[in-house]
Amino acid sequence: MIREACERDLPSILDITNIEIRTDAAHFGTEPLLLDDLRCEIESARGRYPWVVCETNGAVIGFAKAAPWKPRGAYAWTAEIGVYIAAEHRGRGVGLALYKALFPRLRGANLRTIVAGIALPNPASVRLHEVFGMRHVGTLRRMGFKLGQWRDVGYWQVCWGEPEAPPDRPAGFLI
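Within each chain, residues carry numbers counting from 1 in the order of the written sequence. Only residues with pLDDT of 70 or above have their local features reported here, since the model is predicted, and side-chain atom pairs are shown and tallied only from 80 upward, although totals for entire chains, interfaces and linings are computed over all residues. In computing side-chain values, all of the structure's heavy atoms are included and hydrogens and water are not.

**As for the packing of helix α1 (residues 10–23) against helix α2 (residues 35–45)**
Stated precisely, the cut-off is as follows: For helices, the fitted line uses only the C-alpha atoms of the stretch in contact; every axis is such a line through C-alpha atoms, and the angle between N-to-C directions lies from 0 to 180 degrees. Here a helix means four or more residues in a row that DSSP labels H or I, a strand means two or more in a row labelled E, and each is numbered from the N terminus. Roughly parallel covers angles under 35 degrees, roughly antiparallel covers those over 145, roughly perpendicular covers 65 to 115, and oblique covers all other angles. In what follows, a contact means two residues having at least one pair of non-hydrogen atoms within 4.5 Å. The classification used treats Ala, Val, Leu, Ile, Met, Phe, Trp, Tyr, Cys and Pro as nonpolar, Asp, Glu, Lys and Arg as charged, and all other residues, Gly among them, as polar.
Interaxial distance between α1 and α2 falls to 10 Å at its minimum, and their mutual angle equals 110°. Comparing their axes, α2 and α1 come out roughly perpendicular. Note on element contacts: α2 touches α1 through Leu35, Leu38, Arg39 and Ile42, opposite Leu10, Pro11, Ile13 and Leu14. Grouping the amino acids of the contact of α1 with α2 by side-chain chemistry returns 7 nonpolar, no polar and 1 charged.

Spelled out as structure tokens, the structure:
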């Protein structure tokens, strides 16, 4: 079941995130997150930047989220996205299901440009993002040092809507 993330999901999201931080290069964090930090992150996103979870048998096994690309006002129509799946559930279509739920919500929030940074190599993540129309727009070399080596980050992007001037600043958008 895919649904909006809520308060009760935070411990599971925190566990998935902290395992990624400790064991994988996909998340560039180097110190475990605290529950209060995660709570602040999801609360600041609420209403504009969607978070969804995949729940099976009462347990959250993955999540996808959106966040502001950068805080400056001209970026108000751009979001950065990410998806994290518990290791034992990868390769089973969970990421696909999460993004199928996330992408319409991004469009509904009147976001026009969606960006994803992918620590490379990660062919599964590249394939997932390309399924949703995202295209590689560049790679930044040696962006982070994680698990004993320098990591490149590739950026994928999709743009929606007309290239003309966007509508007024979205309601509730704070800078």
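Further notes follow.
**Observations concerning the side chain of Thr113**
Along the polypeptide, Thr113 turns up in strand β5 (residues 113–120). Apart from residues lying up to four places away in sequence, Thr113 is in contact with Trp77, Thr78, Ala79, Gln157, Val158 and Cys159.

**Thoughts on a nonpolar patch on the surface**
Here is the rule we go by: A patch consists of residues whose relative accessible area exceeds 30% and which take part in no salt bridge; residues with like charges are grouped when within 9 Å of each other, and nonpolar side chains (Val, Leu, Ile, Met, Phe, Trp, Tyr) when within 5 Å. What sets the accessible areas is the Shrake-Rupley method with a 1.4 Å probe; for residues, cover comes only from the shown protein chains. By convention in these notes, a salt bridge is any Lys or Arg side-chain nitrogen within 4 Å of a carboxyl oxygen on Asp or Glu. Each residue's exposure class comes from its accessible area (1.4 Å probe, protein chains only) as a fraction of the maximum for that residue type: buried when under 20%, exposed when over 50%, partly exposed otherwise.
Residues Phe28, Leu140 and Met143 make up a contiguous nonpolar surface patch of roughly 260 Å² in combined accessible area. Mapped onto the secondary structure, Met143 falls in strand β6 (residues 135–146). Residue classification places Met143 among the partly exposed residues on the basis of a relative accessible area of 43%.

**Quick word on the packing of helix α3 (residues 94–108) against helix α4 (residues 123–131)**
Cut-off, in case you're wondering: The crossing is said to be left-handed when, going from far helix to near helix, the turn is anticlockwise and less than a right angle, and right-handed when the turn is clockwise.
Contact geometry of α3 with α4 gives a least axis separation of 10 Å together with a crossing angle of 30°. The way α3 lies across α4 gives a crossing that is right-handed. Facing α3, whose interface residues are Gly95, Leu96 and Tyr99, α4 presents Leu128, His129 and Val131. Looking at the contact of α3 with α4 residue by residue, the classes come out as 4 nonpolar, 2 polar and no charged.

**A few points about α3**
Helical geometry note: an α-helix holds 3.6 residues per turn, so side chains three or four residues apart project in the same direction. The cut-off we apply is this: Each helix should span, by expectation, one fewer than its residue count multiplied by 1.5 Å.
With 15 residues, α3 extends 22 Å from end C-alpha to end C-alpha; this agrees with the ideal 21 Å at 1.5 Å per step. Of the residues making up α3, those classed as buried are Val94, Gly95, Leu98, Tyr99, Ala101, Leu102, Phe103 and Leu106. Two residues or fewer after α3 comes Asn110, characterised by a positive phi angle close to 65°.

**Here's the deal with the environment of Arg151**
This is how it is decided: Two N or O atoms count as a polar contact when they lie within 3.5 Å, although within protein this holds only if one can serve as hydrogen donor and the other as acceptor, and sequence-adjacent residues are included solely when both atoms are side-chain atoms.
Tracing the sequence through the fold places Arg151 in strand β7 (residues 149–159). For the pair Arg151 and Thr139, spaced 12 residues apart in sequence, the C-alpha to C-alpha distance is 11 Å. Not counting the four nearest positions on each side in its chain, Arg151 is found in contact with Ala25, Phe28, Leu120, Arg142, Met143, Gly144 and Lys146. A polar side-chain atom of Arg151 sits 3.2 Å from the main-chain carbonyl oxygen of Lys146.

**Structural notes on the environment of Trp156**
On the secondary structure map, Trp156 appears in strand β7. Judged by its relative accessible area of 4%, Trp156 falls in the buried class. Taking the C-alpha atoms as reference points, Trp156 and Thr139, 17 residues apart in sequence, are found 9.1 Å from one another. In contact with Trp156, other than residues within four places in its own chain, are Ile114, Val115, Ala116, Ile118, Leu120, Val126, Glu130, Met134, Arg135, His136 and Val137. Reaching out from Trp156, the side chain makes a polar contact with the side chain of Glu130 at a distance of 3.0 Å.

**Considering the packing of aromatic side chains**
Given two aromatic rings, one states the distance between the centres and the angle between the planes to describe the pair. To keep it simple, the criterion reads: A pair of Phe, Tyr and Trp rings is counted when the ring centres sit within 6.5 Å of each other, with Trp represented by its six-membered ring. The angle between the planes then sorts it: under 30 degrees is stacked, over 60 is edge-to-face, the rest tilted. Whether a charge sits over a ring comes down to the Lys NZ or Arg CZ being within 6 Å of the ring centre and within 35 degrees of the ring normal.
Per the stated rule, a full pass over the model turns up 8 aromatic pairs. With a centroid separation of 5.7 Å and an interplanar angle of 85°, the aromatic rings of Tyr99 and Phe132 are classed as edge-to-face. You can see Tyr99 sitting in helix α3 and its partner Phe132 sitting in the loop between α4 and β6, a full 33 residues away along the chain. Residue classification places Tyr99 among the buried residues on the basis of a relative accessible area of 0%. Ring plane angle 75° and centroid distance 5.9 Å describe the contact between Phe103 and Trp160, whose orientation is recorded as edge-to-face. In this pair, Phe103 is assigned in helix α3 and Trp160 in the segment after β7, connecting sequence segments 57 residues apart. Each member of the pair Phe103 and Trp160 is classed as buried. Aromatic rings pair up to connect Tyr99, Phe103, Phe132 and Trp160 into one cluster. One Lys or Arg, Arg48, reaches over the ring of Tyr49 and ends 5.6 Å from the middle of that ring.

Fair warning: the whole summary comes from geometry, so function is off the table for now.
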